Amino acid sequence: RAMAGGVRGEGVAWTGTAAGGKTVTVPVEGVTSVVVFLRADQAQSKEAAAQVAKMVKEMKGVQVIGVVSGDEAEAGAKKMAAETKWRVMADVKYEVSGKMMVRVWPTTAVVNGKGEQIAHVAGLSASFGKDVEAYLDFAAGRIDKAALDKRLAESGVVADTTDQKAGRHV
């Protein structure tokens, strides 16, 4: 179904066929691609898809591609395509996910219009939405590397309350 190439630090370029027969191409010149690697009927995958859909709803110049992996990928891709209106591919044999170094589902990759993989966010951490949004802003040129680093550093900070600190020390 798909040909893929590239990992972080290398160019990403692939073309595949989505559910419904539509062609999927990454990269597209001038377009930021968000590739969301999912598993059918996995709660974390559904949550990641919902968060990505919410954050890109008003963004221009962004394409979102779902890649559903595993034995139930064909049915899962059709279902997700109907629910999200994204181009969603079935990755039954893990070809695309393997070549993009996906080992955890969900994983979200951000690829700029030049084919550079800007982000590889594995799993669904508490900072997932803020992290992916920062990477999208960087890929689109809305922020520079220093601003990206600052936003990523801020999103990962989890602070204790005074009572929690005291309790831990006791």
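The rules we used
Residues numbered from 1 in each chain as written. Predicted model: local features only at pLDDT ≥ 70, side-chain atom pairs only at ≥ 80, totals over all residues. Heavy atoms only, no water. 1 Å grid on protein atoms, 1.4 Å probe; cavity = no way out; pocket = protein on both sides within 12 Å on 5 of 7 lines; lining within 4 Å. Points joined across faces, edges and corners; volume = space filled by probe spheres on them. Helix = DSSP H or I, 4+ residues; strand = E, 2+ residues; numbered from the N terminus. Nonpolar A, V, L, I, M, F, W, Y, C, P; charged D, E, K, R; others polar. Expected span 1.5 Å × (residues − 1). Buried < 20%, exposed > 50% of the residue type's maximum accessible area, 1.4 Å probe, protein only. Pairing = 2+ DSSP bridges. Axes fitted to C-alpha atoms, helices over the stretch in contact; angles between N-to-C directions. Contact = heavy atoms within 4.5 Å. Salt bridge = Lys/Arg side-chain N within 4 Å of Asp/Glu carboxyl O.

One water molecule sets the probe size; rolling that probe over the atoms shows where empty space is left. Estimates place the volume of the largest pocket at around 240 Å³. Elements with a minimum of two residues in the lining of the largest pocket: strand 4 (32–39), helix 1 (43–56) and helix 2 (73–84). Examining the composition of the lining of the largest pocket, we find that 6 residues originate from one element, helix 2, more than from any other. Among the residues forming the lining of the largest pocket, the class breakdown is 6 nonpolar, 4 polar and 6 charged.

The terminal C-alpha atoms of helix 4 (residues 128–139), which comprises 12 residues, lie 16 Å apart, in line with the 16 Å expected from a rise of 1.5 Å per residue. When you tally the buried positions in helix 4, you get 9 out of 12 residues, the bulk of the element. Residues of helix 4 that are buried: F128, G129, D131, V132, A134, Y135, L136, D137 and A139.

Whether parallel or antiparallel, the strands of a sheet pair through hydrogen bonds between backbone atoms. Strand order in the open sheet formed by 5 strands is 6-5-4-7-8, with mixed pairing between adjacent strands. Unpaired on one side and paired on the other, strand 6 (87–91) and strand 8 (117–122) mark the two borders of the sheet. Averaged over neighbouring strand pairs, the angle between their axes works out to 20° when direction is ignored. Here 5 bridges tie strand 7 (residues 107–111) to strand 8, and the two strands are oriented antiparallel to one another. Each residue of the ladder has a partner; that of T108, found in strand 8, is V121. Running at roughly 160° to strand 4, helix 1 makes contact with strand 4, strand 5 (62–69) and strand 7 of the sheet.

On to the pattern of salt bridges. If the charged atoms of two oppositely charged side chains come close together, the side chains can form a pair. Under the criterion given, the structure shown has 6 salt bridges. Linking D41 and K79 is a salt bridge whose minimum nitrogen-to-oxygen distance equals 3.7 Å. Residue D41 is found in the loop between strand 4 and helix 1, and its partner K79 is found in helix 2; the two are separated by 38 residues along the sequence. The class of D41 is exposed, set by a relative accessible area of 61%. Residue class for K79 comes out partly exposed when judged on its relative accessible area of 43%. Between R151 and D137 there is a salt bridge, with its nearest N and O atoms 2.7 Å apart. Taken together, the positions of R151 in helix 5 (residues 145–155) and D137 in helix 4 put the pair 14 residues apart, joining distant regions of the chain. Members of the salt-bridge network, linked through shared partners, are D41, K46 and K79.

So yeah, pure geometry; function would need other evidence.
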